[in-house]
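Examining the three-dimensional arrangement
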Amino acid sequence: MAHFKNILLVDDDPINNLINKRILSKVELGEDIHEFLSGGEALKKLESLSQGDGDVLLFLDINMPLMNGWEFLDHYNELFPERNDRIIILSSSIDFQDRIKSQEYDVVSGFLEKPLTIDKIQNHFDSLTR
């Protein structure tokens, strides 16, 4: 399975972030796991990470106040066209149109439904190596 220096959890629900952080710690995908309650906070963190810090794995909720996931992705593409991060949408949305829309963003490598589980993470990364 892939390994990332930094993992960012972007979800306006602190309980989701806490649970997801514990799950990600168990699968040892990354060294540092950062939690953010808004997309704006996560964008600031990304600005502080240089390319030398390695690629980032980011789990992004799409239904958030202030800046939703789609707005985050638009800002990300505008601010970081040269980065090679991997963003996984992690949402409670069951709307198929959200899955279709996520495919319009090259930086999005997958769409997972909440709740996050170890099996979902492993299946996602297994599917990328096939």
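Residues numbered from 1 in each chain as written. Predicted model: local features only at pLDDT ≥ 70, side-chain atom pairs only at ≥ 80, totals over all residues. Heavy atoms only, no water.

This part covers helix H3 (residues 69-79). Those residues of H3 not exposed but buried are Gly69, Trp70, Phe72, Leu73 and Tyr76. What you see down the axis of H3 is that its buried residues fit within an arc of 155°, all on one side. On its buried face, H3 is in contact with helix H2 (39-48), strand E3 (56-60), strand E4 (86-91), helix H4 (96-102) and strand E5 (108-113). Here H3 starts with a cap whose side-chain oxygen sits 2.9 Å from the backbone nitrogen of Trp70, and that cap is Asn68. (Buried < 20%, exposed > 50% of the residue type's maximum accessible area, 1.4 Å probe, protein only. Helix = DSSP H or I, 4+ residues; strand = E, 2+ residues; numbered from the N terminus. Arc of directions from axis to C-beta. Contact = heavy atoms within 4.5 Å. Polar contact = N/O pair within 3.5 Å; in protein donor to acceptor, adjacent residues only side chain to side chain.)

For helix H1 (residues 14-27), built from 14 residues, the straight-helix expectation of 20 Å at 1.5 Å per residue is met to within 8% by its first-to-last C-alpha distance of 20 Å. Residues of H1 that are buried in the fold lie against strand E1 (4-10), strand E2 (30-36), E3, E4 and helix H5 (118-128). The opening residue of H1 is Asp13, an N-cap whose side-chain oxygen sits 2.8 Å from the backbone nitrogen of Ile15. Just beyond H1, the residue with positive phi is Glu28, at close to 55°. (Expected span 1.5 Å × (residues − 1).)

With that settled, the discussion passes to the nonpolar core. Burial of nonpolar side chains together is a common tendency in soluble globular proteins. Grouped together as the largest cluster of nonpolar side chains are 24 residues, with contacts concentrated most on Leu46, Leu58, Leu60, Phe72, Leu73, Tyr76 and Ile87. Mapped by element, the contributors of at least two residues to this core are E1, H2, E3, H3, E4 and E5. Ranked by residues supplied to this core, first place goes to H3 with four residues. Apart from the residues within four sequence positions on either side, Leu73 is in contact with Leu60, Ile87, Ile89, Tyr105, Val107 and Val108. Formed by 16 residues, the second largest nonpolar core is a distinct cluster that contains Val27, Leu57, Ile121 and Phe125. (Core = buried A, V, L, I, M, F, W, Y, C linked by side-chain atoms within 4.5 Å.)

With that settled, the discussion passes to the sheet that holds E1. Strands belonging to one sheet form pairs held by backbone hydrogen bonds; the direction of such a pair is parallel or antiparallel. Ordered in space as E2-E1-E3-E4-E5, the five strands form an open sheet in which the pairing is parallel. Edge positions in the sheet fall to E2 and E5, since each has one partner strand and no second. When the angles between neighbouring strand axes are averaged without regard to direction, this sheet yields 20°. Where H2 meets the sheet, it contacts E1, E2 and E3, and its direction lies at approximately 160° from that of E1. Sheet strands touched by H5: E1, E3, E4 and E5. Its angle to E5, the strand with the most contacts, is close to 150°. (Pairing = 2+ DSSP bridges. Axes fitted to C-alpha atoms, helices over the stretch in contact; angles between N-to-C directions.)

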